[in-house]
Amino acid sequence: MQINVNGTQHEVDVDEEMPLLWVLRDELNITGPKFGCGIAMCGACTVHINGQPARSCSMPVGQVSGLITTIEGLGTPDAMHEVQAAWVEHQVAQCGYCQPGQIMSAAALLQMNPNPDDEAIDRAMSANLCRCGTYPRIRAAIKAAAQNIREKSA
């Protein structure tokens, strides 16, 4: 089976029912998406499929069509995505385990809504759990990233 991850086509020989998360981590050694709950409730495994956030722990790889983007494909240390840069600026991460999923959800939000209010942020991020409780910093980082994106677009 062929899958496109971060702009690269991969041939994987796996059962079509295998969760995308395990294909990414175990077959392709892409370890940004994390295993948290295994039932699509915590958001640690969030990736984009065709630009939309998706929980890779419960998504059978055989149901995936189109471009898969993981945190590794969002930006690089030398060319960070606006959300990644805002995460660093606002020192969002504590333990960091949930952060790839948080960042992927935030990036999808800003792609759809470049000027979200608190309610839109809360709604978009409600399915991503942070055991460290950095929610106020997450919201501040999303607002900063949104501002930076709007300024660059102007």
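Residues numbered from 1 in each chain as written. Predicted model: local features only at pLDDT ≥ 70, side-chain atom pairs only at ≥ 80, totals over all residues. Heavy atoms only, no water.

Identification of the chain as (2Fe-2S)-binding protein from Paraglaciecola agarilytica NO2 is taken from an unreviewed UniProt entry.

Q: In this structure, what is going on with the overall build of the chain? I would like to understand it.
A: For the chain, the count of helices and strands is six helices and five strands. The secondary structure elements of the chain, listed N-terminal to C-terminal, are β-β-α-β-β-β-α-α-α-α-α. Relative to a compact globule of 154 residues, whose C-alpha radius of gyration would be 15 Å, the chain shows 15 Å and is just as compact. Dimensions along the principal axes, computed over C-alpha positions, put the chain at roughly 45 × 35 × 25 Å. A total of 154 residues make up the chain; the buried ones form 44% of that total. Taking the contacts inside the chain whose residues are at least 6 apart along the sequence as the reference set, 57% of them involve residues at least 24 apart. Put simply, the chain shows about 7,900 Å² of open surface, and 50% of that area lies on carbon and sulfur atoms. (Helix = DSSP H or I, 4+ residues; strand = E, 2+ residues; numbered from the N terminus. Rg over C-alpha atoms; globule rule 2.2 N^0.38 Å. Buried < 20%, exposed > 50% of the residue type's maximum accessible area, 1.4 Å probe, protein only. Contact = heavy atoms within 4.5 Å. Areas by Shrake-Rupley, 256 points an atom, 1.4 Å probe, with all protein chains shown as cover.)

Q: What is the right way to read helix α6 (residues 135-153) from this model?
A: Residues spaced three or four apart along an α-helix face the same direction, because each turn holds 3.6 residues. Look at α6: 27 Å from first C-alpha to last across 19 residues, which is about the 27 Å you get at 1.5 Å a residue. If you check which residues of α6 are buried, you get Ile-138, Ala-141, Ile-142, Ala-144, Ala-145 and Ala-146. Elements in contact with the buried residues of α6: α3 (82-89), α4 (99-112) and α5 (118-125). (Expected span 1.5 Å × (residues − 1).)

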